[in-house]
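An overview of the molecular structure
Here's the letter readout for the chains.
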Amino acid sequence: MQGSLIDARPGGLILGREHDEDDIPMLAPQAVGIFQLVGYMQGGEYILNRDAAIEHKEKILEINSYKDKDYTPLRSIRLTDTTRILNTNASSGSTALLVEHGQFVVNRAATARYYYELEELNNSNRSA
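Note that the structure is predicted; figures quoted are calculated from it, not measured.

A look at the confidence of the model for the protein
- For the protein, the average pLDDT comes to 87, and 84% of its residues sit at 70 or higher.
- Within the protein, no element has a lower average pLDDT than strand β1 (residues 3-7), which sits at 86, and none a higher one than helix α2 (residues 57-64), at 98.

If you want it as structure tokens, here you go:
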């Protein structure tokens, strides 16, 4: 694969094209220099780091169950000071996300509605 690899292991808000296709590849390391395609994401989704996903699994599942066909674009959300923005809108080549097993991807309708709570959960295990 030619292009960029963005480190999504700490979690964050995924920026990408606003259409209904999962087209942002997620790659997990298998060995030095070897990656496995483990899935695809959409722009507007939120990925939580592994520790937060494990610690807050029930709450994240509850949040992710929110589905709304009236998706609110992310541009209407006020970002926090701790937001990690993972911009996959590369100008040339492909862009993929480096992830690790155990992370959790929240659908974009739930991300738009529960963004601040997701930020709090994702940052709950960071050292001060």
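Now, onward.
Things to note about the packing of α2 against helix α3 (residues 108-123)
- Where α2 contacts α3, the axes come no closer than 10 Å and their chain directions differ by 165°. Between α2 and α3, the interaxial angle falls into the category roughly antiparallel. As for the relative orientation of α2 and α3, their crossing is right-handed in sense. Residues Lys59, Ile60, Ile63 and Asn64 of α2 form the contact with α3, whose participating residues are Ala110, Tyr114, Glu117, Leu118 and Leu121.
- Tallied by class, residues from the contact of α2 with α3 come to six nonpolar, one polar and two charged.

Description of α3
- Helix length check: α3, at 16 residues, gives a terminal C-alpha distance of 19 Å against a target of 22 Å (1.5 Å per residue), a shortfall beyond 12%.
- In the structure, α3 departs most strongly from a straight axis at Tyr114, where the bend amounts to approximately 85°.
- Buried residues of α3: Arg108, Ala109, Ala110, Thr111, Ala112, Tyr115, Leu118, Glu119, Leu121, Asn122 and Asn123, and no others.
- Tucked inside the fold, the buried residues of α3 contact β2 (12-15), β5 (46-48), α1 (50-55), α2 and β8 (104-106).
- N-capping of α3 is provided by Asn107, with a side-chain oxygen placed 3.0 Å from the backbone N of Ala109.

Overview of the side chain of Gln103
- Examined against the element boundaries, Gln103 turns out to sit in the loop between β7 (94-98) and β8.
- Taking relative accessible area as the criterion, Gln103 reaches 15% and is therefore assigned buried.
- A polar contact is formed between the side chain of Gln103 and the backbone oxygen of Arg9, at a distance of 3.4 Å.
- Here Glu100 takes part through its backbone nitrogen, which lies 2.9 Å from a polar atom of the side chain of Gln103.
- Other than its neighbours up to four places away in sequence, Gln103 contacts Ala8, Arg9, Gly11, Ile47, Leu48, Asn49, Arg50 and Ala53.

Comments concerning the nonpolar core
- In this structure, Tyr46, Leu48, Ile60, Ile63, Phe104, Val106 and Leu118 are the most contacted members of the largest nonpolar core, which totals 15 residues.
- At the level of elements, β5, α1, α2, β8 and α3 are the ones that each hand at least two residues to this core.
- Apart from residues lying up to four places away in sequence, Val106 is in contact with Glu45, Tyr46, Leu48, Ile60, Ile63, Asn64, Thr111 and Leu118.
- The next biggest cluster of nonpolar side chains, apart from the first, holds 11 residues, and it includes Ile14, Ile47, Leu97 and Val99.

Re α2
- Within α2, burial applies to Ile60, Ile63 and Asn64. Seen from one end, α2 has its buried residues packed into an arc of 95°, which puts them on one side. Turned more than 90 degrees away from the buried face of α2 sit Glu58 and Glu62, all of them exposed.
- Among the structural elements, β5, α1, β8 and α3 are those in contact with the buried residues of α2.

Conventions and cut-offs
- Residues numbered from 1 in each chain as written.
- Predicted model: local features only at pLDDT ≥ 70, side-chain atom pairs only at ≥ 80, totals over all residues.
- Heavy atoms only, no water.
- pLDDT = per-residue confidence, 0-100.
- Helix = DSSP H or I, 4+ residues; strand = E, 2+ residues; numbered from the N terminus.
- Axes fitted to C-alpha atoms, helices over the stretch in contact; angles between N-to-C directions.
- Parallel < 35°, antiparallel > 145°, perpendicular 65-115°, else oblique.
- Left-handed = near helix turned anticlockwise from the far one by under 90°.
- Contact = heavy atoms within 4.5 Å.
- Nonpolar A, V, L, I, M, F, W, Y, C, P; charged D, E, K, R; others polar.
- Expected span 1.5 Å × (residues − 1).
- Bend = angle between axes of the 7 residues up to and from the residue.
- Buried < 20%, exposed > 50% of the residue type's maximum accessible area, 1.4 Å probe, protein only.
- Polar contact = N/O pair within 3.5 Å; in protein donor to acceptor, adjacent residues only side chain to side chain.
- Core = buried A, V, L, I, M, F, W, Y, C linked by side-chain atoms within 4.5 Å.
- Arc of directions from axis to C-beta.

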